[in-house]
Amino acid sequence: MNLETRLGPLVLQNPVILASGTCGYGREMVPFLDLDRVGAITLKGLSVMPWEGNPPPRIHETAAGVMNSIGLENKGFHRFVQDDLSWLETVHTRVIANVWGRTEEEYIGIARLMDRLERIDAVEVNVSCPNVEKGGESFATNCRVLHQLIGAIRRVVQKTLLVKIGPTVAELEKTLKFMEREGVDGLSVTNTFPALAVDSERQCLVFERKVAGLSGPAIKPLALKLVYDVRHLTHLPIIGMGGIMKTEDALEFLLIGASAIAVGTANLVDPAVALEIVPGIESYLVAHGMNRLDDLIGKVR
Amino acid sequence: MKQTPVTAIKTRGGSFVELELAGKEIARVSRPGQFVMIGAGQSYDPFLKRPLGILSVQEDRFSLLFQIVGQGTKLLSQLQPGNTVSVLGPLGNGFSLHPSEAVLIAGGRGIVPLVFLASHFQQAGIPFTFFWGVKNELELVLASYLASFSPSCVLSCEEAVSGYGCGTVLTSFSSWEKTHPLRSGSRVYACGPQGMFRVMQKIPFFSGVPVEVSLEARMGCGFGVCLGCAVKKKEGSGYVHVCKDGPVFLLPEVEL
């Protein structure tokens, strides 16, 4: 059975990816699953400098989901190289580096550093970060700013370039067109959905930053809709994600045209679940008389 | 995900429940101070697993003790022998196990990891004194877990109860400490509410001896990937994470 899939120039042995922020820098998952059996892992978002993230509370459980306000906490590029890179060289899975910055210059800085690392197969850009030069508005919500950012990053990244977009991205059609023009290789759809939690006992908002990102099965229908819309607006390969907990969820994203899928929040609850989804997809293909993954991708229009 | 069978469940009153699970692997490798993440429901609500401290281990099974505080723990309390749950663990760093002498200080349900630690000290022949304090009579149902250490225990209750010192666990410790100098190489181990740790950080005695504290936190994953259980570092900037860097920390390390 051929489960191989492509994201531009990047070939994955199967379409199941571990999403950024739910599998650490890879090593954290070793007690639970064999990383070499997933299609790729996406590292926790890294910036050039270490970043301490938001004050607690950082997570809040909802019905069939989790809200988070981690605030992009990460150890910074240099400590990542010191602590994790040589270990990552011992595994064979594809490694996608998720990167972010507070300014265009910081984005270019981290993208350039990642591009030079042999062990990194692709760079995924998180564009849902506050732009400190624009009063903290998200890069994703300003089409012109985003266009310039993506162009600038593309010029320094030779490797596969993926852009992670979510529901807050402005002017979707226009954005997708310039992503194509700038030579982006693929899209990760979706990021978390902005959401609010209220503490009625203490009569206040749960999170200090007020709005937090909702993920988990609660967002799956919303994520499917966004993937579906994106699929009809661009030919760029899509990594579909948002509430994938089991094989059937993964199949739904593949059927509407995602070339790969990412398991995110499910990893928190069952860190080995990706290794149930890989054979799950395979059995489905067999049961439906298909002999390669490509027969499945985009079958539902 | 692998399912672990429930072998026994005992309601202790005062909303405390002891849950015994089959699991040779977890029983064999667990150390005092470690915890497991346990799935409370079969559906997506509640969605996350719950972190619970390990109370004791036998050859092929282990026990958890928890208080019903919300929907997740309520569902866990309704399990029956023969039901199965999904469990990840053991997780976290655990206590250091080789002091020359130990003082254990537990507040309320903070007794759980220290009962496991005390059994280790008892087996290893390490002398210890176990201070346990509760707010009210309801929590005294947990006293039975100290029965096998009773000569080494000092109990206190903030409500007047016969047989118990009146006041907090820290008042009873402070009066004991005046007449019991600790030998060198001693350590203090504590688990309880945040308020107890905050008071400890202000008592000069505790800056002269290594104090290990086990923290409780709401967790997303329990194994260091979601970074949800952040606690501010005392020195410098940034956070530590209870699940992976802890749950056991040195008292001066963390801002409580």
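Residues numbered from 1 in each chain as written. Chains lettered and ligands numbered in written order. Predicted model: local features only at pLDDT ≥ 70, side-chain atom pairs only at ≥ 80, totals over all residues. Heavy atoms only, no water.

**Student:** Just to check I follow, could you spell out the overall build of chain B for this structure?
**Tutor:** Within chain B one finds five helices and 15 strands. The C-alpha atoms of chain B give a radius of gyration of 18 Å, which matches the 18 Å a tight globule of 256 residues would have. Across its three principal axes, chain B shows a C-alpha extent of roughly 55 × 45 × 35 Å. For chain B, with 256 residues in total, the buried portion stands at 54%. Sequence-distant contacts in chain B: of pairs separated by 6 or more residues, those separated by 24 or more amount to 64%. Surface summary for chain B: the accessible area is close to 10800 Å², and the carbon and sulfur share equals 53%. In chain B, which carries 22 positive and 18 negative side-chain charges, the distance between the mean positions of the two groups comes to 4 Å. (Helix = DSSP H or I, 4+ residues; strand = E, 2+ residues; numbered from the N terminus. Rg over C-alpha atoms; globule rule 2.2 N^0.38 Å. Buried < 20%, exposed > 50% of the residue type's maximum accessible area, 1.4 Å probe, protein only. Contact = heavy atoms within 4.5 Å. Areas by Shrake-Rupley, 256 points an atom, 1.4 Å probe, with all protein chains shown as cover. Lys, Arg positive; Asp, Glu negative; His and termini not counted. Charge placed at Lys NZ, Arg CZ, Asp CG, Glu CD.)

**Student:** Where do I start with the sheet that holds strand β15 (residues 248-250) of chain B in this structure?
**Tutor:** In a beta sheet, neighbouring strands are held together by backbone hydrogen bonds and run either parallel or antiparallel to one another. Residue and element names in this part refer to chain B. Taken in spatial order, the seven strands make up an open sheet running β10-β9-β8-β7-β11-β12-β15, and their pairing is mixed. Edge positions in the sheet fall to β10 (165-166) and β15, since each has one partner strand and no second. As judged from the five bridges shared by strand β8 (residues 128-134) and strand β9 (residues 153-157), these two strands associate in the parallel manner. Note on β9: the bridge partner recorded for Phe131 is Val154. Seen against the sheet, helix α5 (residues 194-202) touches β7 (102-107), β11 (187-191) and β12 (211-214) and runs at an angle of roughly 150 degrees to β11. (Pairing = 2+ DSSP bridges. Axes fitted to C-alpha atoms, helices over the stretch in contact; angles between N-to-C directions.)

**Student:** Can you walk me through the packing of aromatic side chains in this structure?
**Tutor:** What describes a pair of aromatic rings is the distance from one ring centre to the other and the angle between the planes of the rings. Within the structure shown, the criterion is met by 16 aromatic pairs over all chains. With 5.0 Å between their ring centres and 85 degrees between their planes, Tyr107(A) and Phe139(A) make a pair best called edge-to-face. Of this pair, Tyr107(A) sits in helix α2 (residues 104-115) while Phe139(A) sits in the loop between β10 (137-138) and α3 (143-156); the two residues are 32 residues apart in sequence, bridging distant segments of the chain. One exposure class covers both Tyr107(A) and Phe139(A), and it is buried. Judged by centre distance (5.3 Å) and plane angle (85 degrees), the ring pair of Phe131(B) and Phe173(B) falls under edge-to-face. Separated by 42 residues along the polypeptide, Phe131(B) in strand β8 and Phe173(B) in helix α4 (residues 169-177) bring together distant segments of the chain. In this structure Phe173(B) comes out as buried when scored by relative accessible area, which is 1%. (Phe/Tyr/Trp six-rings, centres within 6.5 Å; stacked < 30°, edge-to-face > 60°.)

**Student:** I would appreciate a short explanation of the sheet that holds strand β1 (residues 3-13) of chain B in the present structure.
**Tutor:** Residue and element names in this part refer to chain B. Read around the closed barrel, six strands run β1-β2-β5-β4-β3-β6, paired in antiparallel fashion. When the angles between neighbouring strand axes are averaged without regard to direction, this sheet yields 45 degrees. Taken together, the four bridges between strand β3 (residues 35-38) and strand β4 (residues 50-57) define a ladder with antiparallel strand orientation. The partner of Met37 across the bridge, within β4, is Pro51. Along the sheet, helix α3 (residues 111-124) makes contact with β4 and β5 (61-67), crossing β4 at roughly 30 degrees.

**Student:** Sorry, what's going on with the interface of chain A and chain B here?
**Tutor:** In many analyses, interface size is given as the accessible surface area lost on bringing the parts together. With 33 residues of chain A at the interface, the matching set in chain B holds 27 residues. Roughly 2400 Å² of surface becomes buried between chain A and chain B when both sides are summed, with 64% attributable to carbon and sulfur atoms. At the boundary of chain A and chain B, one finds two salt bridges. Where Glu52(A) meets Lys232(B), a salt bridge forms, and the shortest distance between an N and an O atom there is 3.3 Å. For the pair chain A and chain B, the interface holds ten residue pairs in polar contact (both at pLDDT 80 or more). For the side of chain A that touches chain B, the class distribution of residues is 15 nonpolar, nine polar and nine charged. (Buried area = accessible area lost by both parts, 1.4 Å probe. Salt bridge = Lys/Arg side-chain N within 4 Å of Asp/Glu carboxyl O. Polar contact = N/O pair within 3.5 Å; in protein donor to acceptor, adjacent residues only side chain to side chain. Nonpolar A, V, L, I, M, F, W, Y, C, P; charged D, E, K, R; others polar.)

**Student:** Whenever I open this one, the packing of helix α5 (residues 220-233) of chain A against helix α6 (residues 247-255) of chain A confuses me. Can you help?
**Tutor:** Each pair of packed helices gets described by two things: the angle between the helix axes and the distance between those axes. Residues and elements named next belong to chain A. Their axes nearest at 9 Å, the elements α5 and α6 cross at an angle of 20 degrees. Classified by the angle between their axes, α5 and α6 sit roughly parallel to one another. Crossing angle aside, the handedness with which α5 passes α6 is right-handed. On α6, the residues that touch Lys220, Ala223, Leu224 and Val227 of α5 are Asp249, Glu252 and Phe253. Among the residues making up the contact of α5 with α6, the classes are represented as four nonpolar, no polar and three charged. (Parallel < 35°, antiparallel > 145°, perpendicular 65-115°, else oblique. Left-handed = near helix turned anticlockwise from the far one by under 90°.)

**Student:** Explain the side chain of Thr247(A) here, please?
**Tutor:** Residue and element names in this part refer to chain A. As for its position among the elements, Thr247 is in helix α6. Owing to a relative accessible area of 12%, Thr247 belongs among the buried residues under this scheme. Once you skip the residues sitting within four places of it in the chain, Thr247 turns out to touch Glu276, Ile277, Gly280 and Ile281.

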